[in-house]
Amino acid sequence: MKTILFGLMLWLALGSSFSFAQQEPVIHWPPGYSKEKASFYVENRIEILAPPIQVWEELIRAESWQEWYTGASELQILDSISNGILLPDSQFSWKTMGLDFRSEVREYEEGSRLSWISIKKSIQAYHGWLLIPTASGCLVVTAESQNGWLTVLEKLFQPKKLFKQHEDWLQQLKTRVEHKNRALAIQTEILP
């Protein structure tokens, strides 16, 4: 009887702790783009010592990516009202991984979630960003899933290129945001 009672108490304790555990947000993949369904998938993460909104402000300034991220060039937001900043449903053209793309923002939750889709005949890609608050700033997750015949060649001949490019993107984003965060903290200390 003691064993059954102990087992029941243990089950209740563990069961309740699991049911109340907070789940990490996930990217909302369109049909055919989930990690399990895509032909090619990469995911990268980094901790940034700044609040999510500061990371967000840098991330949506898409036309400035090419100033600090070598994986983006010739980026132009095609909306007349954007001022170089991504907005919900923004469309932008750019060059990345040696290819010209036209992309469209599909998910836009200020300070927490940004995703876009890029479709060409040879490759279709969905790229998502999550900004998850932490005790010291935020965890930034970026993931991309791809389909199309070009992904087969990518997997064969350059299987780590996209992962490395996203690592660079995250590292440069971290450097840029943390530098601005430190500068803002110093400026705040100086001003009365």
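Just above, that's the structure.
Rules of the game
Residues numbered from 1 in each chain as written. Predicted model: local features only at pLDDT ≥ 70, side-chain atom pairs only at ≥ 80, totals over all residues. Heavy atoms only, no water. 1 Å grid on protein atoms, 1.4 Å probe; cavity = no way out; pocket = protein on both sides within 12 Å on 5 of 7 lines; lining within 4 Å. Points joined across faces, edges and corners; volume = space filled by probe spheres on them. Helix = DSSP H or I, 4+ residues; strand = E, 2+ residues; numbered from the N terminus. Nonpolar A, V, L, I, M, F, W, Y, C, P; charged D, E, K, R; others polar. Buried < 20%, exposed > 50% of the residue type's maximum accessible area, 1.4 Å probe, protein only. Pairing = 2+ DSSP bridges. Polar contact = N/O pair within 3.5 Å; in protein donor to acceptor, adjacent residues only side chain to side chain. Contact = heavy atoms within 4.5 Å. Arc of directions from axis to C-beta. Axes fitted to C-alpha atoms, helices over the stretch in contact; angles between N-to-C directions.

Novice: Teacher, can you tell me more about the layout of surface pockets here?
Specialist: Over the atoms, a rolled probe matching the size of one water molecule traces out where space is still vacant. Of the pockets and cavities examined, the largest pocket occupies roughly 340 Å³. Those elements giving two or more residues to the lining of the largest pocket turn out to be strand 3 (91–96), strand 4 (99–109), strand 5 (113–119), strand 6 (124–134), strand 7 (137–147), helix 4 (149–157) and helix 5 (161–190). Tallied by class, the residues present in the lining of the largest pocket amount to 14 nonpolar, seven polar and three charged.

Novice: What is the right way to read the pairing of strand 1 (residues 40–48) from this model?
Specialist: Looking along a regular strand, one sees the side chains alternate between the two faces of the sheet. Covered by surrounding structure in strand 1 are Phe 40, Val 42, Asn 44, Ile 46 and Ile 48 only, the residues Tyr 41, Glu 43, Arg 45 and Glu 47 on the alternate face being uncovered. As paired strands, strand 1 and strand 7 are joined by nine bridges and run antiparallel to one another. Pairing of Phe 40 across the sheet is with Gln 146, part of strand 7.

Novice: Is there a simple way to think about the side chain of Ser 90 in this case?
Specialist: Relative to the assigned elements, Ser 90 resides in the loop between strand 2 (73–77) and strand 3. A distance of 2.9 Å separates polar atoms of two side chains, one belonging to Ser 90 and the other to Asp 79. Ser 90 has contacts with Ile 77, Asp 79, Ile 85, Ser 103, Glu 104 and Val 105, leaving out every residue within four places of it along the chain.

Novice: How should I be thinking about helix 4 in this particular structure?
Specialist: In an α-helix, one turn spans 3.6 residues; hence positions three or four apart end up facing the same way. Of the residues making up helix 4, those classed as buried are Leu 150, Thr 151 and Glu 154. Buried residues along helix 4 cover an arc of 100 degrees about the axis, so they all sit on one side. Away from its buried face by more than 90 degrees, helix 4 exposes Trp 149, Leu 156 and Phe 157.

Novice: Looking at this structure, how should I read the sheet that holds strand 5?
Specialist: Sheet strands associate in pairs through backbone hydrogen bonding, adopting either a parallel or an antiparallel arrangement. Spatially, 1-7-6-5-4-3-2 is the arrangement adopted by the seven strands of the open sheet, whose pairing is antiparallel. Each edge of the open sheet carries a strand with a single partner, namely strand 1 and strand 2. Each neighbouring strand pair of the sheet contributes to a mean axis angle of 20 degrees, computed without reference to strand direction. The pairing of strand 4 with strand 5 spans six bridges and is classified as antiparallel. Among the inter-strand pairings, Glu 109 is bridged to a residue of strand 5, identified as Arg 113. Each of strand 1, strand 4, strand 5, strand 6 and strand 7 touches helix 2 (residues 52–59); the most contacted strand, strand 6, lies at about 150 degrees to it.

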